[in-house]
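Geometric and topological summary
Residues per chain are reported as follows:
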Amino acid sequence: MSITYLEAIREAQRRALQENPEVFIYGQDIAHFGGAFKATKHLARDFPGRVLDSPISEDAMMGLAIGAAIDGMRPIVEMQFADFSSIAFNQIINQAATHFWRTGVPCPLVVRLPSGGTAGSGPFHSQSMEALYAHYPGLVVLTPATVGDAYWMLLEAIKLDDPVIFCEHKFLYYHLKADELPPESLPIGKARIVRHGKHASVVTYSAMLHESLRAADDLAKIGYEIEVVDLRSIKPLDTDTILASVARTGRLLVVGEAFPFGGVSAEVVARVTAEGFHLLDAPPQRLNARDTPIPYHPNLWAAHRPTASSIATALRGLLGF
Amino acid sequence: MSITYLEAIREAQRRALQENPEVFIYGQDIAHFGGAFKATKHLARDFPGRVLDSPISEDAMMGLAIGAAIDGMRPIVEMQFADFSSIAFNQIINQAATHFWRTGVPCPLVVRLPSGGTAGSGPFHSQSMEALYAHYPGLVVLTPATVGDAYWMLLEAIKLDDPVIFCEHKFLYYHLKADELPPESLPIGKARIVRHGKHASVVTYSAMLHESLRAADDLAKIGYEIEVVDLRSIKPLDTDTILASVARTGRLLVVGEAFPFGGVSAEVVARVTAEGFHLLDAPPQRLNARDTPIPYHPNLWAAHRPTASSIATALRGLLGF
Amino acid sequence: MPHASLADAPPATPAARFRQAYRWMLLARTLEDKIAALYHSGKIVGGVYLGRGQEAFSASLALNLRPGHDIFAPLIRDQAGRMAFGEPILDTARTYLGSALGPMRGRDGNIHRGRPDLGMPAMISHLGAMLSVVCGMLKARQFRGIPDAVGASCIGDGGTSTGAFHEALNLAAVERLPLVVAVANNQFAYSTPTDRQYACRDLVDRALGYGVQGHTVDGTDLAACLDTFQTAVHRARTGHGPQLVVGNLLRLCGHGAHDDGAYVPADLKAAPLGQDCLLLARQRLLRDFDASPTELDLLDSQAATSVQQAVATAQRDPAPDPTLESWQPLASRWLVETANSESP
Amino acid sequence: MPHASLADAPPATPAARFRQAYRWMLLARTLEDKIAALYHSGKIVGGVYLGRGQEAFSASLALNLRPGHDIFAPLIRDQAGRMAFGEPILDTARTYLGSALGPMRGRDGNIHRGRPDLGMPAMISHLGAMLSVVCGMLKARQFRGIPDAVGASCIGDGGTSTGAFHEALNLAAVERLPLVVAVANNQFAYSTPTDRQYACRDLVDRALGYGVQGHTVDGTDLAACLDTFQTAVHRARTGHGPQLVVGNLLRLCGHGAHDDGAYVPADLKAAPLGQDCLLLARQRLLRDFDASPTELDLLDSQAATSVQQAVATAQRDPAPDPTLESWQPLASRWLVETANSESP
Ligand SMILES: Cc1ncc(C[n+]2csc(CCOP(=O)(O)OP(=O)(O)O)c2C)c(N)n1
Ligand SMILES: Cc1ncc(C[n+]2csc(CCOP(=O)(O)OP(=O)(O)O)c2C)c(N)n1
Ligand SMILES: [Mg+2]
Ligand SMILES: [Mg+2]
């Protein structure tokens, strides 16, 4: 048996629907059709009335989920693409995120965002929006990079009493497979050392984990041992694990697929330099996408986001410092 | 004669309307009523048909401005509060910001955002949204902190061929006065050294400039000379001026009123540590608002955002390192 | 909350119903007059929004709901409806005065209050945003086996221009939810008159386009409001889907206590629309419902006493203390990083 | 663009007009069949969206506009309208094939193309978002002294559920803009049937609620489409405010070329709604407009040749070169920081 990242997301939803009558799923084309990416295939059939097609109304979809959440349910909203969550932005940051702090009543829901770039998807079907949601207080922001995390983190997200932004990477949907689901996983809020090393730390998440691992392979050929940290959870951010890694290696490169200004990579650098300045043997570096919209053409797209090769180049620069 | 920050914004709009027939203003209650803060008082009377009340439709207001901009006009949109721009978010980041890069046709417009906290304004009338807009490529993001900048930067913003997010601070509207408008100002994209010093650099912007200056006064009493840098422009960000200041002082504190995760302060720290690591004698620090919604009660609000006193405390920590 | 015996059992006769509504209207007016006075004397920080002229419309909606079973999502001019639905008068006083003991604990203020666990969500400022939240609460109640719970959501003429209004009403129609949307068309959105807000003949004409039932009512006429909402709520409760009720009236004050509303034309104030629903109801009580002036004066002084007590209590309440405050935005406390709770 | 002599002078007689529309429909169908074939053979990366079944509705709208004067904001199924408005066939081929020489230079793809300086904005994906942009372009033309320019914006049944649709249509009505909104009700939004999209009897019933004029038309009937849009555009142009035109038809393909549309029920395909407008128009040409089969076959082969030439040209075009690309999102180049243009 083998299971893809996408199937793990489907199975997590299936299990949540099975185990908890408070769970339902709302989104465009997710019922009979099973979703644009088939993340809910057969779920409407197997859980009648609990997997519902919505009108093209992201603001109201999100409002509905919030209302249901504060009234005792645990809704999952599927955005067809992360990019369309811009329409639900107000409900997410101002209604869901503030609800518990303002009223004391929890708002447990999960927004699934099919995120990140794939070749040919262009400016409006490729975005990584974790920085926006992490900036606003009151949201948990998750970015699973492995099949096991896709499964276990989604299950844990559904159990959390807070609104969770669940950034699934579309590139990993079909490309990433595992032989089986691991029996358990790290909890939300913990980063994972995916590869041990001593010369530099790459801190990354989501699809960039895999590019970073390839870059680490490359550098291993020329004798460098690169430690790779998968954040898993953007907010809360596991500063301790990052600092421990930097303590071992003295060098830090943060890699993200989002736009360069602000955001996750800047936050990681700012935390490490504030709390672990003395651990650093070289200036900490960031590698993000370029500061333009995400291009359609595969040639341009490949030059827009970080890749194994540009990560390796950045690492060589960092090591040569 | 004296002129307030708010009046400077009004006069800049008046002058732009006078000088350029392509300029018009669109927003809620801005015509006869002159705007919630009176930033357009008398402009509808003096420029008939060019200062228009809109329905409560931030998405469409922004779309209208974009359409007019790409068709040869130079619209100014007044959001009644920055916080409501969340409804126009999609049009701003996906339509305005991407237009020039995608099509080669410029989209010259200004979105005026009455931003930042004032006592009793609460979670939805106090937000500082510069981090969100700066994260997305294709926008210029400005945060004037002085009467002169409010005037000159708004005039320059209207002349720019790009969409500009103009963050005006509501606390400064009435509180900040100048004897007269300066005859000219630094261009957009340049930071300003507002106070020279040698022991530490505070990099800040908007209303936090004034809190920071007061903190610097405090520290002067105990013998420390604090350099204070006003960013003025968040995007583009004047890294050179920041680095030059850190080169002089060796210590960096970045102060912002926005939420702590990611954003402007993290970006400044990440740039300084990447490019000026060797200049730093102590770990660079950030001071932002707390990571909760912005509280209504003045007691809570005063403890939520940085103040002269908390900035001074942070500086003492930084200097004592 | 739901508290008052008043709110629990809907009175049997139209006369009793009318009288009950009048008492809520009166209490709301008395309270809001006091709140405005506190604002003008500098005792309230932030905005103050009054429901003057809208009490009949607001109270009538809430009186047709069942507290503890239904949902009521008030907006900025629904003091009367809030109380009729069971919100204690103390919630208002405490929230305006920033008491640490109020439902919002000083974290949010003025009209941004609610008790979502008791069926009254706490509005956010963004107009239109509460409608879909009510849809979600109704959906939850359907899932939880309470399909006859009705959800009412209030909005103004200006709020109908928001995309959120449209998406929610359309979604409610598609989901066939028992939603009642009460549009208080008070002729202005802040300073903006309706001709810069919409171009249709009547906002009720929107109903057809969503496939929902529309109702119009003279918002100055309490008896008409009571009847109309009775019909609308009943239709919603009995499976006829969303109901759109448009009340025509005039905002008899500025947008907020800071605004004198000088832009409201005199002829509008003098028109039938500009009549005071509270005054009209009082006259009607005297004329048609056997009320005596003495009795009504007694109600006045009872209302004044309640208000005075509530305000006095709230003023004695402790203010929130930032050093005791938990600066944690998440319900899952173990996920909150300590860094976040450090002082800025 | 505006290029074709075809597009410039509207033909005098209904017959000539019909024939002209037919040629654009045919060209669109031929081109899109080719694009779909290229997609299936792996030559096109990303999405492919076809207008099959919607050509009559789309072409009729654009043929009633004046290229160079009016505005046309197409959506994902408007290949026919785009060409009728003057978009060169090469723009389509180049954008789908990612040519560096196309209007989007490989930066954006497929249906996300336009020539905003020539009155045809380039759509973003977010449904509904183009309507208010057209409002703005119309407002600009009013300011610039071209008040009789009409702006047309296309949308689907699904897109009517967006808040953006509502805000823009309402704003257009308030501003009394000469906007024509063409709703192609093709019975599905991706896989979602209309009963999960709206609950009104007919989408045209929305018109009343905005105070705009509504029109309905059988989208399979070219002559009817031409007439309806002629009326609607004329009304808009002559100061009667926004016009809402709803065309009923069926999407005769999947949502995109990746989708077989298996969820479309057979009885819908067999219903009158499911007829192919192109086939119907061809039959009508033969029956009522003196066309001969030979002549129509000639049109077919002319269309095939144009398509082949355009595709061949686009395939020989250079692809965008990331090393030559200016990675600068701002028109004000001096403001772009060098850091941004460094390689990631
Ligand atoms: C989305 C949004 N935009 C702007 C505002 C600012 N605002 C608050 S109340 C108001 C006027 C509301 O008018 P209406 O809906 O008619 O309600 P009324 O005040 O008349 O009761 C405005 C513009 C807001 N709260 N939300
Ligand atoms: C705001 C938004 N949400 C979701 C999508 C994803 N999406 C693209 S096309 C489509 C269906 C559109 O249906 P309709 O408007 O009826 O147009 P049609 O495809 O039938 O021509 C959806 C859901 C989108 N583009 N924009
Ligand atoms: Mg109103
Ligand atoms: Mg459709």
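Below or above, wherever it landed, is the structure these notes cover. Every value quoted in this text rests on a predicted model; they were computed, and no experiment measured them. (Residues numbered from 1 in each chain as written. Chains lettered and ligands numbered in written order. Predicted model: local features only at pLDDT ≥ 70, side-chain atom pairs only at ≥ 80, totals over all residues. Heavy atoms only, no water.)

Section: the relation of the copies chain A and chain B
Heads up, the rule is: The atoms used to superpose the copies are C-alpha atoms, taken from residues with pLDDT of at least 70 in both, and the fit is least squares. It only takes one pair of heavy atoms within 4.5 Å for two residues to be counted as in contact.
Superposing chain A onto chain B requires a rotation of 180° together with a translation of 0.0 Å along the rotation axis, leaving an RMSD of 0.0 Å. With respect to symmetry, the two chain copies, as superposed, fit the operation of a two-fold axis. In this assembly, 100% of the residues forming the interface of chain A have copies in chain B that are likewise at the interface, indicating an isologous arrangement.

Quick look at the interface of chain A and chain B
What counts, and what does not: Throughout, buried area stands for the accessible area (probe radius 1.4 Å) lost by two parts on being put together, summed over both. Basic side-chain nitrogens of Lys or Arg form a salt bridge, by our definition, when they fall within 4 Å of a carboxyl oxygen of Asp or Glu. For this analysis, a polar contact is any N or O atom pair within 3.5 Å, provided that within protein one partner can donate a hydrogen and the other can accept it, and provided that sequence-adjacent residues contribute only side-chain to side-chain pairs. Note on conventions: DSSP H or I runs of at least 4 residues are helices, E runs of at least 2 residues are strands, and numbering of each starts at the N terminus.
Of the residues lining the interface, 48 residues belong to chain A; the matching set on chain B comes to 48 residues. Both sides together, the interface formed by chain A and chain B hides about 4,400 Å², and carbon and sulfur atoms give 69% of it. The salt bridge partner of Arg286(A) is Glu267(B), with a shortest N-O separation of 2.8 Å. The interface formed by chain A and chain B contains 14 residue pairs in polar contact (both at pLDDT 80 or more). Secondary structure elements with two or more residues in the side of chain A that touches chain B: helix H4 (89-103), helix H5 (130-135), strand S12 (233-235), helix H10 (263-276) and strand S14 (285-287) of chain A. If you tally residues by element for the side of chain A that touches chain B, the top one is H10(A), at 9 residues.

What about the pairing of strand S10 (residues 200-204) of chain B?
Residue and element names in this part refer to chain B. Defined as follows: Burial classification: accessible surface area is computed with a 1.4 Å probe over protein chains only, and a residue below 20% of its type maximum counts as buried, one above 50% as exposed, and the rest as partly exposed. Strand pairing is assigned whenever DSSP detects at least two bridges linking the two strands. Here a crossover is taken to be right-handed if, once the strands point away from the viewer, the path from the first strand over the helix to the second is traced clockwise.
The element S10 is largely enclosed, with a buried count of 5 among its 5 residues. Residues Ala200, Val202 and Thr204 line one face of S10 and the alternating positions Ser201 and Val203 line the opposite face, and both faces are buried. Where S10 lies against strand S11 (residues 226-230), 5 bridges are found, and the strand directions are parallel. The partner of Val202 across the bridge, within S11, is Val228. Where the polypeptide runs from S10 across helix H8 (residues 207-221) and back to S11, its parallel neighbour, the crossover connection is right-handed. In terms of strand pairing, S10 meets strand S13 (residues 252-255) through 3 bridges, oriented parallel.

Some thoughts on the interface of chain C and chain A
Heads up, the condition is: Residue polarity follows a fixed list, in which Ala, Val, Leu, Ile, Met, Phe, Trp, Tyr, Cys and Pro are nonpolar, Asp, Glu, Lys and Arg are charged, and the others, Gly among them, are polar.
Listed by partner, the interface residues are 43 residues for chain C and 44 residues for chain A. Summing the contributions of chain C and of chain A, the shared interface buries around 3,600 Å²; its carbon and sulfur component is 61%. When residues of chain C are sorted by the area they lose upon contact with chain A, Phe143(C), Glu167(C) and Leu335(C) head the list and together hold 17% of the total. Linking chain C with chain A are 3 salt bridges, by the criterion used here. Between Asp71(A) and Arg144(C) there is a salt bridge, and its shortest N-O distance comes to 2.8 Å. Here chain C is connected to chain A by 19 residue pairs in polar contact (both at pLDDT 80 or more). When contributions to the side of chain C that touches chain A are tallied by element, the ones reaching two or more residues are helix H6 (129-143) and helix H7 (163-175) of chain C. Sorting elements by how many residues they give to the side of chain C that touches chain A places H6(C) first, with 11 residues. Residues of the side of chain C that touches chain A, tallied by class, amount to 23 nonpolar, 8 polar and 12 charged.

With respect to the site of ligand 2
Basically, it comes down to this: Whether a residue is near a molecule or strand depends on its heavy atoms: if one lies within 4 Å, it is near. Accessible surface is estimated by sampling points in the Shrake-Rupley manner with a 1.4 Å probe; for residues, cover comes only from the protein chains shown.
Contacts to ligand 2 come from 19 residues, most closely from Glu58(A), Arg77(D), Gly158(D), Gly159(D) and Asn186(D). Chains contributing residues to the immediate surroundings of ligand 2 are chains A and D. Asp157(D) is positioned with one of its side-chain polar atoms (N or O) 3.0 Å from an oxygen atom of ligand 2. Between ligand 2 and Gly158(D), the relevant distance is 2.8 Å, taken from an oxygen atom to a main-chain nitrogen or oxygen of the residue. Alone, ligand 2 offers 580 Å² of accessible surface; in the complex the protein occludes 95% of this. Tallied by class, residues from the shell around ligand 2 come to 7 nonpolar, 9 polar and 3 charged.

Focus on the packing of aromatic side chains
Given two aromatic rings, their pairing is described by the distance between the two centres and the angle made by the two planes. Quick note on the threshold: Any two of the Phe, Tyr and Trp rings considered here, Trp counted by its six-membered ring, make a pair once their centres fall within 6.5 Å; the pair's planes then place it as stacked at under 30 degrees, edge-to-face at over 60, or tilted in between. The criterion is that NZ of a Lys, or CZ of an Arg, lies within 6 Å of the ring centre and within 35 degrees of the ring normal, and then a charge sits over that ring.
Using the criterion set out here, one finds 36 aromatic pairs over all chains in the structure. With centroids separated by 5.9 Å and ring planes inclined at 85°, the aromatic side chains of Phe81(A) and Phe84(A) adopt a geometry described as edge-to-face. When sorted by exposure, Phe81(A) lands in the same class as Phe84(A), which is buried. By way of ring pairs, the aromatic residues Phe89(A), Tyr133(A), Tyr136(A), Phe259(A), Phe89(B), Tyr133(B), Tyr136(B) and Phe259(B) are connected into one cluster. A cation over an aromatic ring shows up here: Lys139(C) above the ring of Phe143(C), its NZ or CZ 5.8 Å from the ring centre.

Some remarks on the sheet that holds strand S2 (residues 151-156) of chain C
Pairing between the strands of a sheet comes from backbone hydrogen bonds, and it takes one of two forms, parallel or antiparallel. All names here are of chain C. Spelled out, the test is: Interaxial angle, 0 to 180 degrees, is taken between N-to-C directions of lines fitted to C-alpha atoms, where a helix line uses only the stretch in contact.
One open sheet holds the 5 strands; their spatial order is S1-S2-S3-S7-S6, and the pairing between them is parallel. One side of each edge strand has no neighbouring strand; the edge strands of this open sheet are strand S1 (71-73) and strand S6 (213-218). Sheet twist, expressed as the mean angle between neighbouring strand axes with direction ignored, is 20°. Sheet topology places S2 next to strand S3 (residues 179-185); 6 bridges connect them, and they run parallel.

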